[in-house]
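Now for the letters of each chain:
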Amino acid sequence: IRATAQEAVALALLRDGSAVELAEELVNTLPSELDRGTSGEAFIALAAALQQLNRYGDALDVLSSPDVVELGINVAIARLEVLSAMGRFDEVLDGVDELLDGESYRADLHAMRGWCLLNAEPPRFAEAEVMCRRALDLEPDNQWHQKDLASCLLGTGKTAEGIAVAARVVERLTSAGLNGLG
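Residues numbered from 1 in each chain as written. Predicted model: local features only at pLDDT ≥ 70, side-chain atom pairs only at ≥ 80, totals over all residues. Heavy atoms only, no water.

### Side note on the overall build of the protein
Looking only at helices and strands, the protein features 11 helices and 0 strands. Put simply, the protein has 182 residues, and 40% of those count as buried. In the protein, the proportion of contacts linking residues at least 24 apart, taken out of those at least 6 apart, comes to 50%. Of the roughly 9,800 Å² that the protein leaves accessible, carbon and sulfur atoms contribute 52%. (Helix = DSSP H or I, 4+ residues; strand = E, 2+ residues; numbered from the N terminus. Buried < 20%, exposed > 50% of the residue type's maximum accessible area, 1.4 Å probe, protein only. Contact = heavy atoms within 4.5 Å. Areas by Shrake-Rupley, 256 points an atom, 1.4 Å probe, with all protein chains shown as cover.)

Here it is, written out as structure tokens:
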């Protein structure tokens, strides 16, 4: 099997038994195909498969190898996503800040920073709101960014605005025939 980033995304979104079977197949097959000449996408797919199997430490190991780290920003972001899933938000914030220095146009980085600030102990709602609004400036139709903004607004006591943003997300999802964000 040759895995692509799209397969990794699909794998992460699936939640039924076939996703686990596909993840197990990728974990069993991909390592033999990975070498120095492989693109970062195959390593990202392997890490996503490992995450699907709740093997976060193994996923982090795959994406932390010196040869893999050199494969670009998508690998760096995938590594930060694993750290976030592990609840290691301080490390994610450090990594995101470093990436934002050269990639300030990336909504995903602003959103990731906002997510980490939302999950900080204690939550840093006001700072997270700024990051979520920046992500929405760059990707205005992204429901995940909108959902996170609603959480920030509710956390800062801007209840009416937070409920309005959340209602728009729910309306958009139900009118599109979707049953959730993920």
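### A few points about a negative patch on the surface
On the surface, Asp90, Asp94, Glu98 and Asp101 cluster together into a negatively charged patch. Mapped onto the secondary structure, Asp90 falls in helix α7 (residues 89-100). Overall, the relative accessible area of 58% leaves Asp90 in the exposed class. (Patch = residues over 30% accessible without salt bridge, like charges linked within 9 Å, V, L, I, M, F, W, Y side chains within 5 Å. Salt bridge = Lys/Arg side-chain N within 4 Å of Asp/Glu carboxyl O. Lys, Arg positive; Asp, Glu negative; His and termini not counted. Charge placed at Lys NZ, Arg CZ, Asp CG, Glu CD.)

### Here we look at the confidence of the model for the protein
Looking at the protein, the pLDDT average stands at 81 and 75% of residues meet or exceed 70. Under a pLDDT of 50 for its full length, residues 1-17 has, in the predicted model, 28 contacts with residues more than four places off or in other chains. (pLDDT = per-residue confidence, 0-100.)

### A few points about unusual backbone geometry
For the peptide bond that leads from Glu121 to Pro122, omega is -5°, which places it in the cis range. With respect to the element layout, Pro122 can be found in the loop between α8 (107-118) and α9 (125-138). Not every positive phi belongs to a glycine, and Asn54 is a case in point at roughly 60°. Structurally, the position occupied by Asn54 is in the loop between α3 (40-52) and α4 (56-64). Exposure remark for Asn54: the relative accessible area of 56% places this residue in the exposed category.

### Digging into helix α6 (residues 73-85)
Helix length check: α6 (13 residues) gives 18 Å between terminal C-alpha atoms against 18 Å at 1.5 Å per residue, within 8%. For α6, the complete set of buried residues consists of Val75, Ile77, Ala78, Leu80, Val82, Leu83 and Ser84. Packed against the buried residues of α6 are α3, α4, α5 (66-69), α7 and α8. A positive backbone phi angle near 80° is found at Gly87, which sits one or two residues after α6. (Expected span 1.5 Å × (residues − 1).)

### Observations regarding the packing of helix α10 (residues 143-155) against helix α11 (residues 159-175)
Where α10 meets α11, the closest approach of the two axes is 7 Å, and the angle between their N-to-C directions is 155°. Comparing the axis directions of α10 and α11 gives the class roughly antiparallel. Handedness of the crossing formed by α10 with α11: left-handed. Contacts between α10 and α11 pair Gln143, Gln146, Lys147, Ala150, Leu153 and Leu154 from the former with Thr159, Glu161, Gly162, Ile163, Val165, Ala166, Val169, Arg172 and Leu173 from the latter. For the contact of α10 with α11, the class distribution of residues is 8 nonpolar, 4 polar and 3 charged. (Axes fitted to C-alpha atoms, helices over the stretch in contact; angles between N-to-C directions. Parallel < 35°, antiparallel > 145°, perpendicular 65-115°, else oblique. Left-handed = near helix turned anticlockwise from the far one by under 90°. Nonpolar A, V, L, I, M, F, W, Y, C, P; charged D, E, K, R; others polar.)

### So, the environment of Ala85
Examined against the element boundaries, Ala85 turns out to sit in helix α6. Taking C-alpha positions, Ala85 is 8.7 Å from Gln51, a pair spaced 34 residues apart along the chain.

### Observations regarding the side chain of Glu103
Topologically, Glu103 is positioned in the loop between α7 and α8. Despite its burial, Glu103 remains without a salt bridge, the nearest opposite charge being carried by Arg106 at 4.8 Å. Residues within four places of Glu103 in sequence aside, it is in contact with Ile73 and Leu109.

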